[in-house]
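So you can see what is in the structure, the chains are spelled out below.
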Amino acid sequence: MLPNIAIIGRPNVGKSTLFNRLVGKKLALVDDRPGVTRDRREGPANLLGLEFNVVDTAGYEDEDAKSLPGRMRKQTEMAVAGAELAIFVIDGRAGLTPLDEEIARWLRSSKTPVVLLVNKAEGRAAESGILESYSLGFGDPIPFSAEHGDGV
Ligand SMILES: Nc1nc2c(ncn2[C@@H]2O[C@H](COP(=O)(O)OP(=O)(O)OP(=O)(O)O)[C@@H](O)[C@H]2O)c(=O)[nH]1
Ligand SMILES: [Mg+2]
């Protein structure tokens, strides 16, 4: 049994792009429109000799549990509960949003350890986003570019 690592974050931050990079194939759909991933998807990954099972999730939205976004959120919560580690992804170019802060509050109340990853950090456009992300309280963020592979 490989340890599970769940990738979570609000819609469109690059979770599926990161997932594809970690599994080494294009298993998940990537799109510039938010809300593309509808269900969880998983696959084996190997990073510098570390083997784990990586789980992509739907963008976390603040919705009623009975609506479609609400059901996606429920699945995300289950993925985090069943994971040894959660990678919390934010979009460094967009900066922190209220939804990021809500997800952070929720993650702090879960038992799963969290690594904060600031995606879209290629070039300098994410510099202020990286600084802002310290306020989430997860320690040093990892600047990352899922698209270009910086930070792997
Ligand atoms: N500039 C830049 N764009 C990126 C990066 N990673 C992903 N993107 C783009 O961000 C958009 C969203 O990427 P996805 O991987 O589909 O995002 P997601 O978080 O899975 O989105 P949902 O499934 O809708 O929640 C796409 O247009 C990607 O090409 C990155 O490192 N840099
Ligand atoms: Mg996705």
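Residues numbered from 1 in each chain as written. Chains lettered and ligands numbered in written order. Predicted model: local features only at pLDDT ≥ 70, side-chain atom pairs only at ≥ 80, totals over all residues. Heavy atoms only, no water.

(A) Quick peek at the site of ligand 1. Lining the immediate surroundings of ligand 1 are 21 residues, of which Lys15, Thr17, Gly35, Glu122 and Glu147 lie closest. Notes on ligand 1: free accessible area 660 Å², of which the protein chains cover 90%. In this structure, ligand 1 is accommodated by the largest pocket. It is helix 1 (residues 15-23) that provides the largest number of residues to the shell around ligand 1, a total of 3 residues. For the shell around ligand 1, the per-class residue count stands at 6 nonpolar, 9 polar and 6 charged. (Near = heavy atom within 4 Å. Areas by Shrake-Rupley, 256 points an atom, 1.4 Å probe, with all protein chains shown as cover. 1 Å grid on protein atoms, 1.4 Å probe; cavity = no way out; pocket = protein on both sides within 12 Å on 5 of 7 lines; lining within 4 Å. Sits in = over half its atoms within 2 Å of the grid points. Helix = DSSP H or I, 4+ residues; strand = E, 2+ residues; numbered from the N terminus. Nonpolar A, V, L, I, M, F, W, Y, C, P; charged D, E, K, R; others polar.)

(B) Quick peek at the nonpolar core. Within the largest apolar cluster, 24 residues are counted, with the highest numbers of intra-cluster contacts made by Phe88, Ile103, Leu107, Leu136 and Phe138. Elements with a minimum of two residues in this core: strand 1 (4-8), helix 2 (68-81), strand 4 (85-91), helix 3 (98-108) and strand 5 (114-119). For this core, the element with the highest residue contribution is helix 3, accounting for 5 residues. The residues touching Phe138, leaving out its near neighbours within four places in the chain, are Phe88, Ala104, Leu107, Arg108, Val114 and Leu116. Within the second largest apolar cluster, 16 residues are counted, among which are Leu18, Val89, Leu117 and Ala146. (Core = buried A, V, L, I, M, F, W, Y, C linked by side-chain atoms within 4.5 Å. Buried < 20%, exposed > 50% of the residue type's maximum accessible area, 1.4 Å probe, protein only. Contact = heavy atoms within 4.5 Å.)

(C) Here's a closer look at the pairing of strand 3 (residues 50-56). Burial of strand 3 is extensive: 5 of the 7 residues sit out of reach of the surface. By the bridge criterion, 4 bridges tie strand 1 to strand 3 in an arrangement that is parallel. Each bridged residue has a counterpart across the sheet, and for Ile7 the counterpart in strand 3 is Asp56. In this structure, strand 2 (residues 41-47) lies alongside strand 3, joined through 7 bridges in antiparallel fashion. Of the residues in strand 3, the one forming a bridge with Leu47 is Leu50. Between the end of strand 2 and the start of strand 3, which pair antiparallel, lie 2 residues, with Leu48 showing a positive phi angle near 50 degrees. (Pairing = 2+ DSSP bridges.)

(D) Representation of the layout of surface pockets. By volume, the largest pocket is sized at about 380 Å³. If you go around the largest pocket, you meet 25 residues; those closest to its centre are Asn12, Gly14, Thr17, Val30 and Asp31. Ranked by the residues each element gives to the lining of the largest pocket, the list is headed by helix 1, at 3 residues. Residue composition of the lining of the largest pocket, by class: 8 nonpolar, 10 polar and 7 charged. The volume enclosed by the second largest pocket comes to roughly 300 Å³. Lining of the second largest pocket is provided by 16 residues; of these, Ile5, Leu22, Leu47, Phe52 and Ile87 occupy positions nearest its centre. Elements that contribute at least two residues to the lining of the second largest pocket include exactly helix 1, strand 3, strand 4 and strand 5. (Points joined across faces, edges and corners; volume = space filled by probe spheres on them.)

(E) Structural context of helix 1. Of all the 9 residues making up helix 1, 8 are buried; the element is thus mostly covered by neighbouring parts of the structure. For helix 1, the set of buried residues is Lys15, Ser16, Thr17, Leu18, Phe19, Asn20, Leu22 and Val23. Buried-residue contacts for helix 1 involve strand 1, strand 2, strand 3, strand 4 and strand 5. Once helix 1 ends, the next one or two residues include Gly24, with phi positive near 80 degrees.

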